[in-house]
Every structure is written in structure tokens, then in C-alpha cells.
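Fold and geometry: a report
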Amino acid sequence: MIEAHGLTKRYGTKLAVDDVTFTVRPGIVTGFLGPNGAGKSTTMRMIMGLDRPTAGSVTVNGSPYAQHARPLAEVGALLEAKAVHPGRTARQHLQALAATHGIATTRVDEVIELTGLSAVARKRVGGFSLGMGQRLGVAVALLGDPRTLILDEPVNGLDPEGVLWVRNLARYLAGQGRTVFLSSHLMSEVALTADHVVVIGRGRILADTTVQDLLDGASRRAVLVRSPQATELAEALRRDGAEVARRDDGALMVTGADAARVGETAAVAGAVLHELTPTASTLEEAYMELTADAVEYRSEEMTEGAPR
Amino acid sequence: MTATTRPTTETASPSPAVAVLPVTFGRVLRAEWIKFRTLRSTVWTVVITAVVMIGFALMMASLMRLAADTPEMAEGMNNDPGFQSLGMSGTTVITLGYSFAQLAVAVLAALIVTNEYSTGMIRSTFAAVPRRLPALWAKLVVIVLTTVVVIALALGVAYLVTLPILDAANLSVDLSDSEQVRALGGCVLYLATVAAFSLAVGALMRHSAGAIFTLVAIFFVLPLIFSIVVAASDAAWTDWVNKLLPSVAGERIISTGPSSDVLLEPWTGYAVLAGYTVVLLVAAAVTLKRRDA
């Protein structure tokens with residue numbers, strides 16, 4: 001269980017995390033979703049006591065992380081791939097961390113096997129690929145058999161098999177009753193792995209809901225219409241209170257009216273319909289819509305009629 | 001949520017009983033020792049430190065032997081005030097390498113901390129030891145004890161390998177002479193303190209290049225510059241700054257010559273270096289606890 005209350009982090013004049021309050025519950029996978037730079041990593045680092053909050057507080061399993069007698073048994077964290085000295089082997093790295101909690105070498109070898117690192121455990125980490133570094137990070141997180149897992153972008157750099165492995169592992173650990181808090185900037189990843197989702201943008205919580213609700217609530221239904229009398233039809237629909245956007249290929253995207261109403265309006269206006277298609281927005285569209293104002297680094301859209 | 005609500009992992013987990021014990025200083029110390037001995041760079045630096053100590057002792061012993069066989073050279077040495085001030089003895093010969101060994105020790109001690117910051121390892125360290133200070137003190141114990149053992153061993157080896165050469169030069173390490181005993185112990189003490197000083201500088205600066213530059217300046221460049229300035233200038237402040245420099249003050253503990261009117265007494269000098277070290281360690285502890293990792 002992770003409980004954050006009014007958590008705030010300011011770097012100079014920049015507010016990285018702005019008065020964030022949320023609870024991550026045990027037994028389910030909670031996704032932490034947001035664009036790059038939204039404050040996900042900063043929040044996770046504050047949970048682990050690595051960054052000091054400017055204001056607010058956060059507890060893990062009831063206490064601030066640093067106050068636990070056995071921190072690694074409370075929280076296992078993958079905060080970034082390769083928080084490791086490249087000159088040590090994976091096994092030496094794990095052994096050094098295990099020693100702080102008197103964890104036996106047999107457990108070190110166990111997590112090495114569990115994360116599929118057996119073949120490279122005695123190789124120096126400097127030569128590891130991003131994916132292997134990520135697996136080592138997961139091995140570190142599992143070392144103390146923790147009640148709570150914090151995984152920051154765990155699938156970064158993993159191959160498809162690795163991605164599937166992390167997904168299954170997260171669900172398996174949550175199924176054992178543990179708290180799993182997993183961040184991603186990819187809506188699709190969270191939708192596949194998480195049950196609950198906390199959405200963050202520009203340091204603020206935008207949504208704290210189940211994944212299903214997020215998809216239902218944020219998705220907006222639209223109707224695609226093609227008509228030779230598009231201009232007249234658009235005017236008629238607007239008079240009816242619908243929103244109409246004209247696409248480049250001449251089709252109309254109508255929101256605020258369902259297909260039946262569009263059809264009726266067209267009949268009244270005497271417009272011929274060539275196409276009438278109800279569409280549901282995709283996961284990514286729902287997410288983009290939610291975070292549209294909260295994206296820090298936005299790519300400019302290509303303007304129409306720009307010189308080629 | 002209390003500890004009694006531990007979920008049913010005992011039955012479901014593939015590892016039914018992972019024994020995880022509380023973090024204690026002893027365990028953190030063990031972890032830091034594992035980290036220390038598993039890096040090739042630290043192991044090599046330790047070896048180089050010992051080699052430098054022994055190598056300089058051999059070189060100096062051979063030089064003294066040559067001087068004993070060459071009357072003109074012996075006369076030149078006797079007339080050299082700088083040489084006289086060393087109060088040449090067997091102890092002077094075997095401790096001579098400290099001024100170079102201190103650079104290796106200083107760099108090693110600083111890197112123990114700064115390499116964790118440059119590689120990101122520090123976040124793994126603080127995730128395992130979130131109270132942070134035990135990790136700093138454990139690093140301190142590791143580097144100080146390693147320095148003590150390595151320098152004591154190096155002095156022992158230097159004593160043995162220079163013994164026949166020094167005999168021929170009519171010099172000896174006289175353990176009944178309290179001044180020589182103080183200088184021998186002082187050599188170990190000085191380098192161990194340099195290690196602690198440098199660890200604190202590393203923890204304060206957190207960048208390898210910056211910390212190494214600072215330490216080389218403090219222990220090598222500044223004393224060199226001031227030895228020239230003091231000789232060239234009559235201003236009293238230059239004498240004062242010079243004798244209070246960390247290395248100039250601290251290395252008085254290794255000196256066996258007659259006492260000097262421009263330098264501190266041996267134990268006073270060492271106390272000055274120890275004072276700097278304590279202040280730096282406290283500053284390092286305070287900032288380590290406060291700053292974001």
C-alpha cells in the first residue's frame with residue numbers, strides 16, 4: 001500500500017510534482033500513466049526517499065520508506081535500468097545489496113534464475129544490453145521478497161518476450177496480494193497490465209480510476225459522414241447542436257449526435273449520404289485527449305498548406 | 001496497514017521463506033566491503049599504493065647506500081640543510097613513499113563515493129539503506145581500515161627489503177627511538193586520515209573529476225606552490241597558511257628531524273589535519289542526508 005498526501009516537488013522554479021494525493025492498493029496492478037516529464041519518476045523517487053518532497057508526505061505499508069527496519073522487504077523498486085556500477089558482475093551487485101539485509105546467497109541465485117540472468121550473472125554489467133539491465137533491475141526489486149513493488153517504465157528496452165514476461169510477473173505478484181505500482185508513458189501498456197490507473201500530467205493527477213472507467217469515460221463517440229452536400233449537411237447538423245469537423249478528404253466527423261440523428265438530420269436537409277459510420281476513439285486517443293493540455297514536449301502539428 | 005496483514009505470499013510464492021533481516025551497521029559494512037573488493041579499479045589502486053611505498057623505500061635506501069660508498073656524495077648531503085632537516089634515519093627511508101602514496105589513497109577514497117554517483121549505483125545503495133548515514137560510515141570504516149592494513153603491510157615489507165641495504169649504509173629503523181616509532185605509526189595514521197578527508201571531499205562534491213582535481217590541488221599543488229612562496233616572501237601570513245595546509249600540517253607526524261620554527265609540532269600538525277577531516281565529514285553527513293540522490 002502506498003499513500004501520498006499533497007506530495008509536491010519543486011526544482012528551482014519548476015514544479016515537477018504539484019500537490020499529488022493518491023493511494024495504491026494491494027492485490028491489484030496500478031498503472032501510473034503520463035507523458036514524459038509529467039512527474040512519474042520524481043513521484044516514485046520520493047516514495048523511495050531518494051528525493052525529498054518540497055511539501056506533503058508519502059508512506060509505504062504505513063510508514064515513510066526510510067523508517068522501515070527491513071526496507072527491501074517492504075518495497076522492491078526498479079527506478080531506472082543500470083543503477084549499477086558497470087565494473088561489477090550482476091551477481092556481485094545483488095550480493096552487495098543482499099548483504100545489507102542479511103539475505104542469503106541462495107536467494108540471490110534464485111532471483112537471478114527468476115529473471116533469466118543465469119547465463120550472464122557472472123559477467124560485468126557494463127556489457128549488458130538495456131533489456132538485460134532492466135532484468136537485473138527487476139532482480140534487485142524482487143531480492144527482499146517485498147510486499148510492494150515499484151516499477152518505473154519496466155518494459156523499456158525489453159524485447160516482446162521480455163515485455164510479456166514483465167506483464168505476467170506484475171499480474172502474478174499482484175495476484176499474491178502484493179501492491180504493484182508500475183509506470184508507463186504508453187496507454188496500451190497500462191491497459192494490458194493494470195487494473196487501476198493513476199494518470200498524471202504536468203505534475204498533477206488527471207485521473208485516478210479503473211482502467212475500464214478511463215476508457216469508457218474518456219472515449220468520445222463520433223460519426224463519420226460522407227455526403228455530396230457536405231456543406232449544407234454540416235450547417236444543418238450545427239443548427240442541431242452537433243459539433244462538425246471537416247476532414248481533408250471531405251468527410252465530416254460529427255460529435256454530439258449519434259448515427260440515427262445524423263441520418264434524420266440529413267433526410268430533413270435533403271442531403272444524400274454516401275457513408276454513415278459510428279466510430280469509437282482508441283485507447284491512445286482517449287489518453288491523448290486526457291493529457292492534451294499536460295504534455296510538456298509537444299511536436300508541432302504540420303500546418304495545412306505549408307510550403308512543400 | 002500493519003505487519004500482521006501480510007498477504008498470502010507464504011503459500012503462493014515460489015520462495016516460501018525468504019529470510020530478510022533488519023539493516024544493521026554490521027550488515028551495511030559487509031555490503032560496502034563486498035562493493036570495495038569487487039571493483040578491479042579499487043583493488044589495483046590498493047596494489048599501486050603498496051608498490052609506491054615499497055618502491056620509494058628501495059630507491060632511497062639504494063641512494064643512501066651509494067652515498068655511504070661515495071665520500072663526495074656523503075659530504076654533499078651533510079652540507080645540504082634540506083637533507084639535514086629530514087634527520088635521516090631508516091624510518092625516514094621506509095616512510096618516504098607516503099607523499100606519493102597519499103595521492104593514490106586520496107583518489108581511491110574519493111572514488112568510492114563519486115563512482116556511485118556517476119554510475120547511478122548510489123540510488124541502489126540508498127534504496128537498500130534509506131537512512132543513508134550508515135552507508136557513509138561503512139565506507140569510511142572500509143577505506144580507513146584498508147589504508148591502515150595496506151600501509152602497515154607496505155612499511156613491514158619495505159623494512160624487510162631495505163634491511164640489508166640500510167645496514168650497509170649504517171642506517172637502521174630503531175624501534176627503541178620513540179621519535180621513529182611515532183613517525184612509523186604516524187605514517188599509517190596520516191594516510192588513514194587522508195583517506196577519511198578524501199572520502200568526505202568525494203561525498204561533498206559527488207563528481208569524480210572535481211573531487212580528484214580538488215584533492216590533488218590540496219595534497220600536491222598547494223604545498224608545492226607554498227614551499228616556493230614561503231622561501232621567496234617574508235610575509236608572515238604565507239608562513240601561517242603554509243603550516244596550516246592539510247598536508248603540510250598533517251605530515252609533521254611523519255617527520256623525525258629537529259623541530260622547525262616555521263612548521264607545527266608533530267602532534268599539533270596532525271591535530272590540525274584531523275580537525276579539517278572531522279569538519280568535512282560532518283558537512284558530508286549533513287549534505288548526504290539532505291540532498292536528493
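Residues numbered from 1 in each chain as written. Chains lettered and ligands numbered in written order. Predicted model: local features only at pLDDT ≥ 70, side-chain atom pairs only at ≥ 80, totals over all residues. Heavy atoms only, no water.

Considering the side chain of Asn115(B)
Relative to the helices and strands, Asn115(B) resides in helix H7 (residues 98–119). Judged by relative accessible area, which is 11%, Asn115(B) ranks as buried. The contact partners of Asn115(B), leaving out residues within four places of it in the chain, are His85(A), Leu39(B) and Ser208(B). (Helix = DSSP H or I, 4+ residues; strand = E, 2+ residues; numbered from the N terminus. Buried < 20%, exposed > 50% of the residue type's maximum accessible area, 1.4 Å probe, protein only. Contact = heavy atoms within 4.5 Å.)

Some remarks on the nonpolar core
Among the nonpolar cores identified, the biggest contains 139 residues, and Met48(A), Leu94(A), Ile150(A), Met53(B) and Tyr190(B) are the most heavily contacted of them. Filtering out sequence-adjacent residues up to four positions away, Met53(B) remains in contact with Ile94(B), Thr95(B), Gly97(B), Tyr98(B), Ala101(B), Ile151(B), Ala154(B), Leu155(B), Cys187(B) and Leu191(B). Counting 14 residues, the second-largest nonpolar core is a separate cluster that includes Ala230(A), Leu233(A), Ala242(A) and Ala266(A). (Core = buried A, V, L, I, M, F, W, Y, C linked by side-chain atoms within 4.5 Å.)

Re the layout of surface pockets
Space inside the second largest pocket adds up to approximately 450 Å³. Contributing to the lining of the second largest pocket are 21 residues, with Gly49(A), Asp51(A), Arg52(A), Pro53(A) and Ala66(A) lying nearest its centre. Secondary-structure elements contributing two or more residues to the lining of the second largest pocket are helix H1 (40–47) and strand S4 (55–60) of chain A together with helix H14 (266–290) of chain B. Along the lines of polarity and charge, the residues of the lining of the second largest pocket split into nine nonpolar, four polar and eight charged. (1 Å grid on protein atoms, 1.4 Å probe; cavity = no way out; pocket = protein on both sides within 12 Å on 5 of 7 lines; lining within 4 Å. Points joined across faces, edges and corners; volume = space filled by probe spheres on them. Nonpolar A, V, L, I, M, F, W, Y, C, P; charged D, E, K, R; others polar.)

Considering the sheet that holds strand S9 (residues 204–210) of chain A
Residues and elements named next belong to chain A. One open sheet accounts for six strands, arranged S5-S6-S7-S3-S8-S9; its pairing is mixed. With partners counted over all chains shown, the strands left at the sheet margins are strand S5 (75–78) and S9, one partner each. The mean angle between the axes of side-by-side strands here comes to 15 degrees, regardless of whether they run parallel or antiparallel. With four bridges connecting them, S5 and strand S6 (residues 148–152) associate as parallel partners. Residue pairing in the sheet places glycine 76 in a bridge with leucine 149 of S6. (Pairing = 2+ DSSP bridges. Axes fitted to C-alpha atoms, helices over the stretch in contact; angles between N-to-C directions.)

Some details on empty space enclosed by the protein
Within this structure, the stated rule accounts for eight cavities of 30 Å³ or more. Volume-wise, the largest cavity comes out at about 230 Å³. Ala77(A), Leu79(A), Ala83(A), Val140(A) and Ser124(B) are the residues nearest the centre of the largest cavity, which is lined by 24 residues in total. Every element with two or more residues in the lining of the largest cavity is listed here: S5, helix H3 (90–99) and helix H5 (130–142) of chain A together with helix H8 (121–128) of chain B. Within the lining of the largest cavity, the residues separate by chemical class into 17 nonpolar, four polar and three charged. Lining the second largest cavity are Arg88(A), Glu32(B), Lys35(B), Phe36(B), Leu39(B), Thr42(B), Ile112(B), Asn115(B), Glu116(B), Lys139(B) and Val142(B). Put simply, the parts of the chain that give the lining of the second largest cavity at least two residues each are helix H2 (25–37), H7 and helix H9 (133–168) of chain B.

Section: the UniProt feature "transmembrane region" (unreviewed entry) in chain B
All names here are of chain B. The sites that UniProt annotates as "transmembrane region" (unreviewed entry) are residues 43–68, 88–114, 135–161, 181–204, 211–232 and 267–288. The distance from the first to the last C-alpha atom of residues 43–68 is 38 Å, and the span holds 100% helix and 0% strand. The span residues 211–232 is 100% helical and 0% strand by assignment, and the distance between its end C-alpha atoms comes to 30 Å. (UniProt positions renumbered as here; feature names shortened; annotations may be inferred.)

Details of the packing of aromatic side chains
Inspection of the entire model under this criterion finds eight aromatic pairs over all chains. Seen in terms of ring centroids, Phe22(A) and Phe181(A) are 5.6 Å apart; in terms of plane orientation they differ by 35 degrees. Their pairing is tilted. Remark: Phe181(A) occurs in strand S7 (residues 179–184) and Phe22(A) occurs in strand S2 (residues 14–24); sequence separation between them is 159 residues. Relative to Tyr190(B), the ring of Tyr98(B) has its centre 5.7 Å away and its plane inclined at 90 degrees; by these criteria the two rings are edge-to-face. With Tyr98(B) in helix H7 and Tyr190(B) in helix H10 (residues 178–205), the pair connects residues that are 92 residues apart, well separated along the chain. Taking relative accessible area as the criterion, Tyr98(B) reaches 14% and is therefore assigned buried. Members of the aromatic cluster, connected to one another through ring pairs, are Phe22(A), Phe32(A) and Phe181(A). Geometry around Trp165(A) places Arg135(A) over its ring, the cationic atom sitting 4.7 Å from the centre. The cationic tip of Lys243(B) hangs over the ring face of Trp240(B); the distance from NZ or CZ to the ring centre is 4.2 Å. (Phe/Tyr/Trp six-rings, centres within 6.5 Å; stacked < 30°, edge-to-face > 60°. Lys NZ or Arg CZ within 6 Å of the ring centre and 35° of its normal.)

Digging into H14(B)
If you check H14(B), its first and last C-alpha atoms are 37 Å apart, about what 25 residues at 1.5 Å a residue would give, namely 36 Å. For H14(B), the full list of buried residues reads Pro266(B), Gly269(B), Tyr270(B), Leu273(B), Thr277(B), Leu280(B), Leu281(B), Ala284(B), Ala285(B) and Leu288(B). (Expected span 1.5 Å × (residues − 1).)

Topic: the pattern of salt bridges
Residues and elements named next belong to chain A. Counted by the stated rule, this structure contains 20 salt bridges over all chains. Residue aspartate 249 pairs with arginine 226 through a salt bridge whose shortest N-O separation is 3.2 Å. Of this pair, aspartate 249 sits in the loop between strand S11 (243–246) and strand S12 (252–255) while arginine 226 sits in strand S10 (residues 221–226), and the two are 23 residues apart along the sequence. Assessed through its relative accessible area of 42%, aspartate 249 is described here as partly exposed. Residue classification places arginine 226 among the partly exposed residues on the basis of a relative accessible area of 26%. (Salt bridge = Lys/Arg side-chain N within 4 Å of Asp/Glu carboxyl O.)

Structural notes on the interface of chain A and chain B
Taken together, the contact pairs 50 residues of chain A with 47 residues of chain B. Between chain A and chain B, the buried area comes to about 4000 Å², and carbon and sulfur atoms account for 56% of it. Summed over the three residues of chain A that lose the most area to chain B, namely Leu50(A), Arg88(A) and Arg147(A), the buried surface amounts to 16% of that side. Put simply, chain A and chain B have 14 residue pairs in polar contact (both at pLDDT 80 or more) between them. Secondary-structure elements contributing two or more residues to the side of chain A that touches chain B are strand S1 (2–11), helix H2 (71–74), H3 and helix H4 (105–114) of chain A. (Buried area = accessible area lost by both parts, 1.4 Å probe. Polar contact = N/O pair within 3.5 Å; in protein donor to acceptor, adjacent residues only side chain to side chain.)

Observations concerning the confidence of the model for chain A
Looking at chain A, pLDDT values average 88 and 90% of them are 70 or higher. No element of chain A has a lower mean pLDDT than helix H11 (residues 283–291) of chain A, at 68, and none a higher one than H3(A), at 97. (pLDDT = per-residue confidence, 0-100.)

Considering the side chain of Gln180(B)
All names here are of chain B. Positionally, glutamine 180 belongs in helix H10. Residue glutamine 180 is classed as buried on the basis of its relative accessible area, which comes to 7%. Within the structure, glutamine 180 has its side chain in polar contact with the side chain of threonine 91 (distance 2.5 Å).

Side note on the sheet that holds S4(A)
Residue and element names in this part refer to chain A. Read from one edge of the open sheet, three strands run S2-S1-S4, paired in antiparallel fashion. Because the sheet does not close on itself, it has two edges, and the strands there are S2 and S4. Direction aside, the axes of adjacent strands within the sheet are offset by 20 degrees on average. Where S1 lies against S2, seven bridges are found, and the strand directions are antiparallel. When the sheet's bridge partners are listed, arginine 10 is paired in S2 with leucine 15. Contacting S1, S2 and S4, H1 crosses the sheet at an angle of about 115 degrees to S1.

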